[in-house]
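# Coordinate analysis (summary)
Given next are the chains, with one letter for each unit.
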Amino acid sequence: MENIMENENVISELFEIDLVDSNKEVKNYKAYLPSPFIAAALPLRDVKKNLFIRKYNNITLKLTGGEKVPFGKYGRLLLTTLTTRAVINKTSVPKGPVTIEYNSLNSLLKELQLPNSRCKEIKDQLTFFSNATFIFEEKQEKTVQGSLFNDLLDENYGAGETVKATKVSTGIIPFMDNIQYVDIENRKGEKQTAAISIVLSEKFVDFSRKHSVPINYTCYKNISSAIGKDIYAWLIYRNNGLKEPLFVSRDKFVEQFMPVEDTSRKDQIRTNWAYLKDMLINIKKNYYQELNIKFDEDNTGFTLYKSKAVIEDDDKRYILITSDL
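### Points about helix H10 (residues 266–286)
Taking 1.5 Å per residue as the helical rise, H10 with its 21 residues ought to reach 30 Å, and the 30 Å between its terminal C-alpha atoms agrees with that figure. Turning to H10, its buried residues number three or more, namely Gln-268, Ile-269, Asn-272, Trp-273, Leu-276, Met-279, Leu-280, Ile-283 and Asn-286.

### Things to note about the packing of aromatic side chains
Under the defined criterion, the tally for this structure stands at 17 aromatic pairs. Residues Phe-37 and Phe-175 carry aromatic rings whose centres are separated by 6.1 Å and whose planes lie at 50° to one another, so their mutual orientation is tilted. Of this pair, Phe-37 sits in helix H2 (residues 35–39) while Phe-175 sits in the loop between strand E6 (162–174) and strand E7 (176–185); the two residues are 138 residues apart in sequence, bridging distant segments of the chain. Taking relative accessible area as the criterion, Phe-37 reaches 5% and is therefore assigned buried. The class for Phe-175 is buried, based on a relative accessible area of 0%. Taken together, a centroid distance of 5.2 Å and an interplanar angle of 65° make the contact between Phe-134 and Phe-207 edge-to-face. Within this pair, whereas Phe-134 is found in strand E5 (residues 133–145), its partner Phe-207 is found in helix H6 (residues 202–210), the two being separated by 73 residues in sequence. Comparing Phe-134 with Phe-207 shows no difference in burial state: the two are buried. Through a chain of ring-to-ring contacts, three or more aromatic side chains come together here, namely Phe-37, Phe-129, Phe-134, Phe-136, Phe-175, Phe-204 and Phe-207. The cationic tip of Lys-229 hangs over the ring face of Tyr-220; the distance from NZ or CZ to the ring centre is 5.2 Å. Stacked on the ring of Phe-295, the Lys or Arg Lys-277 has its end atom at 5.1 Å from the ring centre.

### Here's the deal with the nonpolar core
Counting residues in each nonpolar core, the largest one holds 81 residues, and the members touching the most others are Phe-134, Phe-175, Leu-200, Ile-231, Tyr-232 and Phe-253. A per-element tally of this core places helix H8 (residues 226–240) first, with eight residues.

### Overview of helix H5 (residues 119–130)
Over its 12 residues, H5 extends 16 Å from the first C-alpha to the last, a length consistent with the 16 Å expected when each residue adds 1.5 Å. Looking at the packing, one finds that the buried side of H5 touches helix H3 (72–88), helix H4 (105–112), E7 and strand E8 (191–200).

### A closer look at the pairing of E5
The pairing of strand E3 (residues 59–64) with E5 spans six bridges and is classified as antiparallel. Within E5, the residue paired with Thr-64 across the bridge is Thr-133.

Rules behind the numbers
Residues numbered from 1 in each chain as written. Predicted model: local features only at pLDDT ≥ 70, side-chain atom pairs only at ≥ 80, totals over all residues. Heavy atoms only, no water. Helix = DSSP H or I, 4+ residues; strand = E, 2+ residues; numbered from the N terminus. Expected span 1.5 Å × (residues − 1). Buried < 20%, exposed > 50% of the residue type's maximum accessible area, 1.4 Å probe, protein only. Phe/Tyr/Trp six-rings, centres within 6.5 Å; stacked < 30°, edge-to-face > 60°. Lys NZ or Arg CZ within 6 Å of the ring centre and 35° of its normal. Core = buried A, V, L, I, M, F, W, Y, C linked by side-chain atoms within 4.5 Å. Contact = heavy atoms within 4.5 Å. Pairing = 2+ DSSP bridges.

No statement about biological role is implied by the geometric values presented.
This is the structure in structure tokens:
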């Protein structure tokens, strides 16, 4: 698991947040993210290898790739577009792969609402996704009547007794079946990428449609920190299913977003928690003002209370990121 605390310059970059100009009218856009990637996210930065494993609670996410796996804030933004395209094509393509076409890389950047100067970053992430596969494993534990498994239990197992059953679900899912594009170079040596055709795999399309969460893409994009994007999406995801107040311990929150390999290092856990707490405060102030959160006085964690939903699946206040193309 990557150690994001090894370089102070990396930390300062990760925690940079773009503030929203409150006097500027903002058009709100909607996108989708797969919920397992909210719990166990992409790497925060380039891990410089083709394997990345994240475990959190009952979810294990293993990413494999060609040269590298997708990562960082641009990998996250591209993932939202791929997922959104998979979800919204449900009517026109009810089953099977989904094909996405752009006449140029600049058209994809326009959908991502990024400047053309980010061509290299997005093309790199597109290449990483095209070669990447993720292995997803989820474990769900339930206490059930032993009678459901009579054939497996001892004859002396009492009637009405219960057993703990663990259901394990796994899947090997490529993001894409294939991708094609044309690189053009003019007489001045200037290069552009055109005629992009992306075929999302049937497994990724099906996975996205079953396990996606609608997010406010406008806010998500404006948070320049990769960790900030993950926390923002997680807050929306948790609030969507929240019925009772939820206490989140400091250690669990650190384990999810800034894990410390040596958990005996309490000083490192405290340092990471301080960063994450500041991030939560900044997100509430600038991106999720209606977030109902209370930090414990003894600084051991925080409690989430049901907040007004940021976005519903069919929220008319939001335009899909694909709408302006």
